[in-house]
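Structural features, examined
Below are the chains, spelled out letter by letter.
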Amino acid sequence: MAGVFMELIKKQIHMNQWKGNAVTQITLDEDFIVPDTLEDMDQVILDNARILGENGRIQDEKMTIKGKMEFAVLYRKENGGLETLGGNIPFEEMVNVPGLEEGDDVTTSWILEDMKAEMINSRKLGVQAVITVEIRAEGEENAYAASDVKMSGTEGGMIPEKDVPEVRTGIISPVVLALHRKDTYRIRENTAVTGGRPDIARLLWKEIHIGNQTVKPLEGRLYLEGQLNVFVIYETEEENMPVQWMEEVLPFSGDIEISQAHEGQIPQVSVRLSHGEIEVKPDAEGQMRELDVDVVLELDIRLYEEKEETLIRDMYSNSSKLIPETKKLQYERLIAKNVCKPRIVEKIHLGQSERILQICHTQGSIQLDEAEPQENSLLIEGVLDVTILYLTSDDKAPVRSVSRQIPFKCSAQASGITKNSVYQLDTALEQLAALMTGNDTVEIRASAVLDFMILEPVTETVITGVKEEPLDLKALQALPGIAGYIVQEGDSLWDIAKKFHTTMGNIITTNELPGEQIKAGQRLLLVKEVGV
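Within any chain, residue numbers begin from 1 and follow the written order of that chain's sequence. In view of the model being predicted, local features appear only for residues whose pLDDT reaches at least 70, and side-chain atom pairs are presented and counted only at 80 or more, with totals across whole chains, interfaces and linings using the full set of residues. Think of the side-chain values as coming from all heavy atoms in the structure, minus any hydrogens and water.

**Remarks on the packing of aromatic side chains**
Under the pairing criterion, centres of Phe, Tyr and Trp rings, with the six-membered ring standing for Trp, must be within 6.5 Å; the plane angle then separates stacked pairs below 30 degrees from edge-to-face pairs above 60, leaving the rest tilted. Going through the model one piece at a time under the given rule, you end up with five aromatic pairs. Taking the centre distance of 5.9 Å and the plane angle of 50 degrees together, the rings of Phe-91 and Trp-110 count as tilted. Within this pair, whereas Phe-91 is found in strand S4 (residues 82-96), its partner Trp-110 is found in strand S5 (residues 105-121), the two being separated by 19 residues in sequence. Buried residues are those whose accessible area, probed at 1.4 Å on protein chains only, stays under 20% of the maximum for their type, while exposed residues exceed 50% and partly exposed ones sit between those limits. Assessed through its relative accessible area of 8%, Phe-91 is described here as buried. By relative accessible area, which is 16% here, Trp-110 ends up buried. Runs of E in the DSSP output that reach at least two residues are strands. Runs of H or I that reach at least four are helices, and both are numbered from the N terminus.

**Points about the layout of surface pockets**
One number sums up the size of the second largest pocket: a volume of about 460 Å³. Along its surface, the second largest pocket is lined by 23 residues, and Gly-81, Leu-82, Met-241, Pro-242 and Val-243 are the ones closest to its centre. Taken together, the elements giving at least two residues each to the lining of the second largest pocket come down to strand S3 (62-77), strand S10 (221-235) and strand S18 (377-392). Of all the elements, S10 adds the most residues to the lining of the second largest pocket, at three residues. Across the lining of the second largest pocket, the residue classes break down as twelve nonpolar, four polar and seven charged. Site definitions follow a grid-based scheme: protein atoms alone, a 1 Å grid, a 1.4 Å probe that fits but cannot get out for cavities, and for pockets an open set with protein on both sides within 12 Å along at least five of seven lines, plus lining residues having an atom within 4 Å of a point. Grid points are joined across faces, edges and corners, and a volume is the space filled by probe spheres set on the points. For this classification, Asp, Glu, Lys and Arg are treated as charged, while Ala, Val, Leu, Ile, Met, Phe, Trp, Tyr, Cys and Pro are nonpolar and the rest, including Gly, are polar.

**Comments concerning the pattern of salt bridges**
Whenever a carboxyl oxygen of Asp or Glu lies within 4 Å of a side-chain nitrogen of Lys or Arg, that contact is scored as a salt bridge. Inspection of the entire model under this criterion finds 25 salt bridges. For the salt bridge of Glu-70 with Arg-50, the shortest nitrogen-to-oxygen distance reads 3.1 Å. Highlighted residues: Glu-70 in strand S3 and Arg-50 in strand S2 (residues 41-59), separated in sequence by 20 residues. Overall, the relative accessible area of 22% leaves Arg-50 in the partly exposed class. The shortest N-O distance in the salt bridge between Arg-221 and Asp-255 comes to 2.8 Å. Placement of the pair is Arg-221 in strand S10 and Asp-255 in strand S11 (residues 244-257), with a sequence separation of 34 residues. By relative accessible area, Asp-255 is classed as partly exposed at 40%. A single salt-bridge network, built from bridges that share partners, covers Lys-19, Glu-101 and Asp-104.

**Quick notes on the nonpolar core**
Nonpolar core, defined: a set of buried Ala, Val, Leu, Ile, Met, Phe, Trp, Tyr and Cys residues in which side-chain atoms within 4.5 Å join the residues together. Among the nonpolar cores identified, the biggest contains 34 residues, and Met-69, Leu-125 and Val-127 are the most heavily contacted of them. At the level of secondary structure, the elements contributing two or more residues to this core comprise strand S1 (4-33), S2, S3, S4, S5 and strand S6 (124-153). Take this core: its biggest share by element is seven residues, from S6. Here, residues are in contact when the closest pair of their heavy atoms is within 4.5 Å. Residue contacts for Val-127: discarding those within four places in its chain leaves Leu-28, Asp-29, Glu-30, Phe-32, Met-69, Phe-71, Ile-89, Met-115, Lys-116 and Ala-117.

Take a look at the structure:
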C-alpha cells in the first residue's frame, strides 16, 4: 500500500479478575461465671449472638482477620423468674489466600454456623460457636486492544478502496466492579406498649432483626428499604405479674449518597446489623411505655457494570499481507443475576407434656450448606435454623423454647453456568411464622431469599498491533481468478472471502445474496480481487 498509512485505533479495556477465595472456620469455646449480682441459673431458654469482624493486614498471600462474637442468653432462675446474661469472645486468625496481593479488592463474609450456650452448673455457662469466614479476592487489570482502523494518504488525498483492509469486529461484555465501599445507615424509630399491657419496669430480653430489605442503585444514590423486627420481654412493676412480651415491625427507607451510582448497575450488597439498642422512655404522661430503637446497619456495597466493547477480531488486505499481533484477554461476563425464594413448610413436635398456651415469638436464620452448578441451573441447599418461644400451663416454668433445623433446596435458573463459574450468594429470611396445629405440633412457614450473581471467566484473543508485508505473489498467482465453491459445514462468509482473496461484499454482490448468512451445500461463485 504505497503512499497509504494504516493506524490501529486502540481502546482501553477495564477488567475484573477473580483471584480466588479462601474459607476457614474459627471455633470458639469459653466458660462464663454468673456475676455475683445475678441469681443462679436453672435453665437456658434463649440465646443469640452476632459477629463483629474486621479485615486486617495483607502480607504474602495472607490476611489477618479479627473481631468478637457478642452473645446474650435468657435463663430461668432457680427461684423462678427470668434473667439475662451477656458477654463477648474475641478472636484473631491468619488466613492463607492463594494469589492475594496488596491492592486487591477483598470481601469477607462472616457466618455464625453454630452457637450453643449450655449450663455447666448453676453459676457457670459454657458458650461454644463455629464461625465460617469466607474471603473473596478480585483484581483489576487494564489492557489496550484494537477497535478500529484509521487510513491516511501521503498528502491527505482519497484512499483507494483496494487499499482499505477488510475488518471483522466483535463485541465483548466484561463485567466491571464500578464501586466497592463500606458504609453505614442509621435508623432511629419509636414505638410504644399498646392496649391493656402494663408499664415496663425492666427489659429482660431484646432482639432486633432486619427483614425484607431491598437495595437499589439510583442516580447519585443508593435506595434502601426494609423493616426492623423488634421483640422484647420485660418485667412489670407489679410483683406477681408474669413477664410480658411485645413484638413490633418497624418499616424504614432512605438513601445513601453515592455519586458513582446510577440505574442499570448490578448491585451486590450485603446488609448486617452492627449495632442495635432498645431503650425504655416515659411517654407524655410519665409512664414507662415507650421504646426508642437505635440501629446502625453496615453495608458492604458492590456495584457492577456490564460494559459492551467493540473490538477488531480479524483483519486482512488484498493489497498486502497483514500479520496481526495478539494477546490473551481474561475477563468475567455475567451469566445470571437473580433471586431465588424457596418456600419452607415443616411440621415439628415440641415434645411438651404440659398444655401449650401460646406461641410468643419465632426467630430464625438461613444457613447455606452447598451450591452446586448443574445444567443451566444452580442447586442451592441449606437449612432454616428456627427457635420457638412459647408459654405452657406449668406455673413453675411457664416460658420455654425449642430449636430445630429444617432443610431446604432451591434450583435457581442460570443459563450457561459451568463448573468454572464464579458465584456470589447473599441470604435473608423474608417471612417466618409458627402456627399451632395440635396439642404439641407447630407448623413452620418461612420464605428464604437467596440473592445470587454468577460470573463466567472468559479468555479472548484480541489484536493489539499489526505488521504489514508484501503479498506472496507466487501464492497469489496459484489462486484461480474465478472459482466455484460449495459451502462446507462450519464455513463463514468471512473465512471464505479471506481464503480466496476476495471480500464479503464482492461475494454478496456476485451471488446476489440477501446478507452474510450462508448454509452448508450452498454454491458460490468467487472472483479473486488483487490490490497490487
